[in-house]
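Coordinate inspection notes
These are the residues of each chain, in order.
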Amino acid sequence: MDRRVTTTDVRRRIPRTDAVLGDPRLIEAAHRLGSGAVKAAVRQAQERARAGAIAPDEVADTAVALLPRTAGGLRPVINATGVVLHTNLGRASLSAAARRAVREAAGPTDVELDLRTGVRARRGRTALAALRERVPSAAAAHVVNNGAAALVLVATALAAGKEIVISRGEMVEIGDGFRLPDLLVSTGARLREVGTTNRTSVADYAAAIGPGTAFVLKVHPSNFRVTGFTRAAGTRELAALGVPVVVDIGSGLLAPHPLLPDEPDAETRLRAGASLVTASGDKLLGGPQCGLLLGREELVRTVSRHPLARALRVDKLTLAALEATLTGPETPTAVALAADRAGLRHRAERLAAALAADGIDVRPVESAASVGGGGAPGVTLPSAALSLPERYAEALRTGPVPVVGRLEAGRCLLDLRAVEREDDERLAEAVRSVSGPAAMDPAAGG
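Quantities reported herein were computed from a predicted structural model and do not represent experimental measurements. (Residues numbered from 1 in each chain as written. Predicted model: local features only at pLDDT ≥ 70, side-chain atom pairs only at ≥ 80, totals over all residues. Heavy atoms only, no water.)

Glancing now at the sheet that holds strand E11 (residues 245-250). Across the sheet, 7 strands lie side by side as E5-E13-E12-E11-E10-E6-E9; this open sheet has mixed pairing. The sheet is open, and its two edges are formed by strand E5 (140-144) and strand E9 (190-194), each paired on a single side. Shown here is a sheet whose adjacent strand axes are inclined to one another by a mean of 25 degrees, direction ignored. Pairing of strand E6 (residues 163-167) with E9 involves 5 bridges; the strand directions are parallel. Residue pairing for E9: Val 165 is matched across the bridge by Arg 192. (Pairing = 2+ DSSP bridges. Helix = DSSP H or I, 4+ residues; strand = E, 2+ residues; numbered from the N terminus. Axes fitted to C-alpha atoms, helices over the stretch in contact; angles between N-to-C directions.)

Here it is, written out as structure tokens:
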């Protein structure tokens, strides 16, 4: 009976919604985030008070703490999965330079205006110039909204009603059920399959080429590897057949990378005779989601002037981020790929020691990371991680600062390969924030 009276008294002390909304911090937040987001945070804080998780006089402070950082629904997370380009986490993290460029481009810009003459100019001309500078063998360039769109635009503009010759071993599924053959056929092109799953020679292509051939398509199987009794025709061999060769390298590598010797790059393929190269911008390039199209000037012009190009074009924010990625300092993707094992181990040991001093069950361990995002399949990147009890995985994902790790051998691993060094302390604080008994108890109100 006494407990019920106490509970009732506590509930009566919970401040009314309009009183909480009068807090100056929440008034400011309403201007920044909108009233709906602020009211939702207040209601959530009041529910915590009713459940006894917080005291009534903590409602306003809790509501402030629960406010989202932005008015958008996407939440920033720390990628501790060990997958550098994690598709579910948005693939490449933009560089600081790219983020600043996006902020600057958020208002009115000269995206299609020559400020000197006052007349209309080519959309994204400076970004395209930066792309050509990074790939000297490309006579022209065009950008669309993703890698698949680049290939669809090429097939539509050059092969509608004609044939595309492609190896059976390169008829890939690109993810989430989307299959390359379906994508290409949807453009009105016909596919002429040659060779077998594991072996296709240049003679197979040559035998299939005829008056109805639009181009030969070479696709890099970026998310799997075929080993053993295999054979594939190279770009230089195919270029000698006398028809255009389109190479979809997928992962967006513009030039050779010493750590990824088997990953195709745009510059090398163009030098070998490719007529066009298509790629993604949000993978190994480390930029925003977009599709890159590089190659012969007349073909790029034909493709870029096709009516479908208008529907697939990118916005000013993407162009700004792409140019800053191309001209600015190293991207987080490049830094993550180049991180040395000893440095990662040192970071893991330092963080583990600090967290263990707080009584947390944690230890530094060796780990194996990967590139991800459909790039460099089979390549293992030696790494280091924090090993925590398995129950931390969900608590960290749903904590104030979401951290996404991976489960391995009954432990939650926080791999540091894709975690920016500047985020080490945020990672440690995220672990501390979910380490208390109440935080780890599913029945707790928080």
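Mean pLDDT over the protein stands at 91; residues scoring 70 or higher make up 93%. Ignoring residues within four places in sequence, the model shows residues 1-5, a span with pLDDT below 50, making 0 contacts including any to other chains. The low-confidence segment residues 441-446, where pLDDT is below 50, has 5 contacts with residues more than four positions distant or belonging to other chains. (pLDDT = per-residue confidence, 0-100. Contact = heavy atoms within 4.5 Å.)

This paragraph deals with the nonpolar core. Counting 33 residues, the largest nonpolar core has Leu 131, Val 143, Leu 254, Leu 292 and Leu 294 as the members making the most contacts within it. Considering each element in turn, this core owes the most residues, 4 residues, to helix H7 (residues 125-134). When near neighbours in sequence (up to four residues on either side) are disregarded, Leu 131 contacts Ala 141, Val 143, Leu 254, Leu 292, Leu 294 and Leu 326. Ala 155, Ile 166, Leu 180 and Leu 312 belong to the second-largest nonpolar core, a separate cluster that totals 28 residues. (Core = buried A, V, L, I, M, F, W, Y, C linked by side-chain atoms within 4.5 Å. Buried < 20%, exposed > 50% of the residue type's maximum accessible area, 1.4 Å probe, protein only.)

Let's shift gears to the sheet that holds strand E17 (residues 406-408). Read from one edge of the open sheet, 5 strands run E2-E14-E15-E18-E17, paired in mixed fashion. Because the sheet does not close on itself, it has two edges, and the strands there are strand E2 (83-85) and E17. Each strand of the sheet is rotated relative to its neighbour by a mean of 45 degrees, with strand direction disregarded. Against the sheet, helix H17 (residues 341-356) engages strand E14 (363-372) and strand E15 (375-389), with an angle of about 20 degrees to E15.

What follows deals with the UniProt feature "domain: L-seryl-tRNA selenium transferase N-terminal" (unreviewed entry) in the protein. Per the UniProt entry, the sites bearing "domain: L-seryl-tRNA selenium transferase N-terminal" (unreviewed entry) are residues 11-50 in this numbering. In the segment residues 11-50, helix accounts for 85% and strand for 0%; the C-alpha atoms at its two ends are 6 Å apart. (UniProt positions renumbered as here; feature names shortened; annotations may be inferred.)

A few words now on the pairing of strand E12 (residues 276-280). Burial analysis of E12 places 5 of its 5 residues in the buried class, the great majority of the element. Examined bridge by bridge, E11 and E12 share 4 bridges and lie parallel to one another. In the strand pairing of E12, Gly 250 is matched with Ala 279. Direction of pairing for E12 relative to strand E13 (residues 291-295): antiparallel, over a ladder of 5 bridges. Bridge assignment links Val 277 to a residue of E13, and that residue is Leu 294.

This part covers unusual backbone geometry. Look at Arg 91: it is not a glycine, yet its phi comes out positive at around 55 degrees. Tracing the sequence through the fold places Arg 91 in the loop between E2 and helix H6 (96-105). A positive phi angle, close to 55 degrees, is found at Ala 409, a residue other than glycine. With respect to the element layout, Ala 409 can be found in the loop between E17 and strand E18 (411-415). Assessed through its relative accessible area of 79%, Ala 409 is described here as exposed.

Counted by the stated rule, this structure contains 27 salt bridges. The salt bridge involving Asp 423 is made with Arg 426; its shortest N-O contact spans 3.1 Å. Its relative accessible area of 33% is what places Arg 426 among the partly exposed residues. (Salt bridge = Lys/Arg side-chain N within 4 Å of Asp/Glu carboxyl O.)

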